[in-house]
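Chain and residue survey
The residues making up each chain are set out below.
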Amino acid sequence: MEKFIPDEVRIKRTLENYERVKNNIAEAAIKAGRKPEDVRLMCVTKTVEAEYINPVLDSGASLIGENRVQEYLAKRDLLHLDGVEKHLIGHLQTNKVKQIVGEVDMIESVDSVKLAKEISKCSVKKGVISNVLVEVNIGEEDSKSGIFLDGLEELLIEIGALPNVAVKGLMTIPPICEETEARKYFEQMHKTFIDIKSKNLDNINMELLSMGMSGDYEAAISEGSDIVRVGSAIFGARQYF
């Protein structure tokens, strides 16, 4: 098998992108009257080879997000993951749950009782607590996963009753739209987050709001996001395989 030789120019560009995104996050936070350290940068590594991820990890990145269970497990041992938090952010099928429970620090894409029950069952079996975020379909798009707002509280109450699952907050992906429109979705999401927090639901902790990606993370920060999930703005356009 031919040895993979990373492109040094691409590595240099990736590191420059990483620094630029970090600076943009700090500026957006300060502009919004927030502390830069209150917003976490997640480096989204979907379809990116380990040879391009590791230089970013070695430069201090402390949080990565993967979309696919199989892809994460396949390249995990190649990554420099000491001290790095790992999140699964893509849609999770129930038949893949047992493979990922206990292998990541958080599952950000829980959107149904069925999925939450499977995570609970596998977590009990493995003797671990699974931290999760509930994914909200803020734009009510049929093409996207996530619970609609009108079903969110009921879902949270049901998940809160499950053993070995700890709800830590909410995640969303707004519809593709102009920044002004995206801000409205982010604002609505933040209001929902604060509203849920004020209700003090049993076993539901609203600690984290994950929203904002490569094209809109600065707008998301201004509307209260705690985690921004940035992939292509750091690693370049995705190479699908």
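The structure contained in this document is the topic of the report that follows.

What counts, and where the lines are drawn
- Along each chain, residues carry numbers from 1 onward, in the same order as the chain's sequence is written.
- Predicted model: local features are reported for residues with pLDDT of at least 70 only, side-chain atom pairs are reported and counted for 80 or more only, and whole-chain, interface and lining totals are derived from all residues.
- Side-chain metrics in this entry use all non-hydrogen atoms of the structure; hydrogen atoms and water are not considered.
- Only protein chains enter the area calculation, which uses a 1.4 Å probe; residues under 20% of their type maximum are buried, those over 50% are exposed, and those in between are partly exposed.
- Every helix listed is a DSSP run of H or I at least four residues long, and every strand listed is a run of E at least two residues long, numbered separately from the N terminus.
- Working note: the arc is built from the helix axis to C-beta atom directions.
- By definition, residues are in contact when any of their heavy atoms lie within 4.5 Å.
- Simply put, an axis is a line fit to the C-alpha atoms, just over the touching stretch for a helix, and the angle between two N-to-C directions goes from 0 to 180 degrees.
- Angular relationships are summarised with four words: roughly parallel below 35 degrees, roughly antiparallel beyond 145, roughly perpendicular across 65 to 115, and oblique for the angles in between.
- In this scheme the handedness of a crossing depends on how the near helix is turned from the far one: anticlockwise by less than a right angle means left-handed, clockwise means right-handed.
- Here the term charged refers only to Asp, Glu, Lys and Arg, the term nonpolar to Ala, Val, Leu, Ile, Met, Phe, Trp, Tyr, Cys and Pro, and the term polar to all other amino acids, Gly among them.
- What a helix is expected to span follows from its residue count: subtract one and scale by 1.5 Å.

Points about helix 6 (residues 152-160)
Listed as buried for helix 6 are L152, L155, L156, I159 and G160. The buried residues of helix 6 all sit within an arc of 135 degrees when viewed along its axis, so they share a single face. On its buried face, helix 6 sits against strand 4 (106-110), helix 5 (113-126), strand 5 (130-136), strand 6 (165-172), helix 7 (179-199) and strand 7 (204-210).

Remarks on the packing of helix 6 against helix 7
Two elements in contact, helix 6 and helix 7, have axes whose closest approach is 12 Å; the angle formed by their N-to-C orientations is 45 degrees. Comparing the axis directions of helix 6 and helix 7 gives the class oblique. In this structure, helix 6 meets helix 7 at a crossing whose hand is right-handed. Between helix 6 and helix 7, the residues in contact are L152, E153 and L156 and T192, I196 and K199, respectively. Here the residues of the contact of helix 6 with helix 7 are counted per class, giving 3 nonpolar, 1 polar and 2 charged.

Things to note about helix 7
Helix length check: helix 7, at 21 residues, gives a terminal C-alpha distance of 30 Å against a target of 30 Å (1.5 Å per residue), a fit within 8%. Turning to helix 7, its buried residues number three or more, namely A182, Y185, F186, M189, T192, F193 and I196. Considered in projection along helix 7, the buried side chains sweep an arc of 120 degrees and stay on one side of the axis. Exposed and oriented more than 90 degrees from the buried face of helix 7 are T180, K191 and S198. The secondary structure elements touched by the buried residues of helix 7 are strand 5, helix 6, strand 6, strand 7 and helix 8 (217-222). Backbone geometry just after helix 7 places N200 at a positive phi near 50 degrees.

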